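Structural features, examined
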Amino acid sequence: NNWKEEKPLRNALVFATSFMYERFMLMINDVVVAITGRNYFFPNKPNEFHRECAKYCRCAMLVRGLLWKLAGWKSLLFLYLSETLWSIPPHPACAMFVTNHGSNVDDGDGESGGCIPSSSTYAGRWYSLFTLGTNYHCEHHDFPTIPLHRLGELRKIAPEYYKKG
């Protein structure tokens with residue numbers, strides 16, 4: 001664990017570096033999936049999953065190739081930096097990313113004691129509108145096929161599964 005108490009600048013640097021490395025490796029993974037037709041991060045998924053991943057990655061590679069051809073390598077650098085820099089300190093939007101992806105320990109019943117890798121914010125309708133639905137972050141990960149505008153209904157239907165707020 002590289003996290004150090006009382007060292008916020010160091011922790012921010014570790015987080016930023018690891019996040020940018022992760023995003024770079026995901027771009028490399030796109031190339032591997034586009035060429036091989038398999039996503040090796042998920043070896044036990046059905047073939048339909050791998051076909052969909054390969055189709056997406058091939059389209060992504062085509063778009064990146066077109067961008068490189070039409071606008072040069074700086075366009076790809078811009079896309080990479082625009083995806084990563086908003087999520088790392090000191091960008092103001094980083095607060096949303098960090099609060100939704102913290103690793104809290106479940107203290108609800110005392111039995112599970114497991115890690116909670118995501119959380120929701122529930123800061124109201126305007127916040128949800130301006131942040132494209134980050135109010136319902138856990139709900140989105142629990143049910144990724146439910147459209148964004150219906151996630152509030154999900155929370156009303158199953159309140160026992162989501163924190164009050």
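Presented here is an overview of the structure given in this document. The model shown is predicted, which means the values in this text are computed figures rather than measured ones.

Re the packing of helix 2 (residues 47-71) against helix 3 (residues 73-85)
Helices that pack against each other are described as a pair by the angle of their axes relative to one another and the distance between those axes. Relative orientation of the contacting elements helix 2 and helix 3 amounts to 130°, with a least axis distance of 6 Å. As judged from the angle between their axes, helix 2 and helix 3 are oblique. Taken together, the residues of helix 3 that come into contact with helix 2 (itself represented by Arg64, Leu67, Trp68 and Ala71) are Trp73, Ser75, Leu76 and Leu79. For the contact of helix 2 with helix 3, a count of residues per class yields six nonpolar, one polar and one charged.

Notes on the pattern of salt bridges
Between side chains of opposite charge, pairing is possible as soon as their charged atoms come close. Inspection of the entire model under this criterion finds five salt bridges. In this structure, Arg23 and Glu22 form a salt bridge, with 4.0 Å as the shortest nitrogen-oxygen distance. Owing to a relative accessible area of 39%, Glu22 belongs among the partly exposed residues under this scheme. A salt bridge links Glu52 to Lys55, with the shortest nitrogen-to-oxygen separation between them at 3.4 Å. Of the two residues, Glu52 and Lys55 are both situated in helix 2; the distance of three residues between them amounts to about one turn of the helix. With relative accessibility at 39%, the residue Glu52 sits in the partly exposed group.

Rules used in this analysis
- Residues numbered from 1 in each chain as written.
- Predicted model: local features only at pLDDT ≥ 70, side-chain atom pairs only at ≥ 80, totals over all residues.
- Heavy atoms only, no water.
- Axes fitted to C-alpha atoms, helices over the stretch in contact; angles between N-to-C directions.
- Helix = DSSP H or I, 4+ residues; strand = E, 2+ residues; numbered from the N terminus.
- Parallel < 35°, antiparallel > 145°, perpendicular 65-115°, else oblique.
- Contact = heavy atoms within 4.5 Å.
- Nonpolar A, V, L, I, M, F, W, Y, C, P; charged D, E, K, R; others polar.
- Salt bridge = Lys/Arg side-chain N within 4 Å of Asp/Glu carboxyl O.
- Buried < 20%, exposed > 50% of the residue type's maximum accessible area, 1.4 Å probe, protein only.

These figures capture arrangement, not role.
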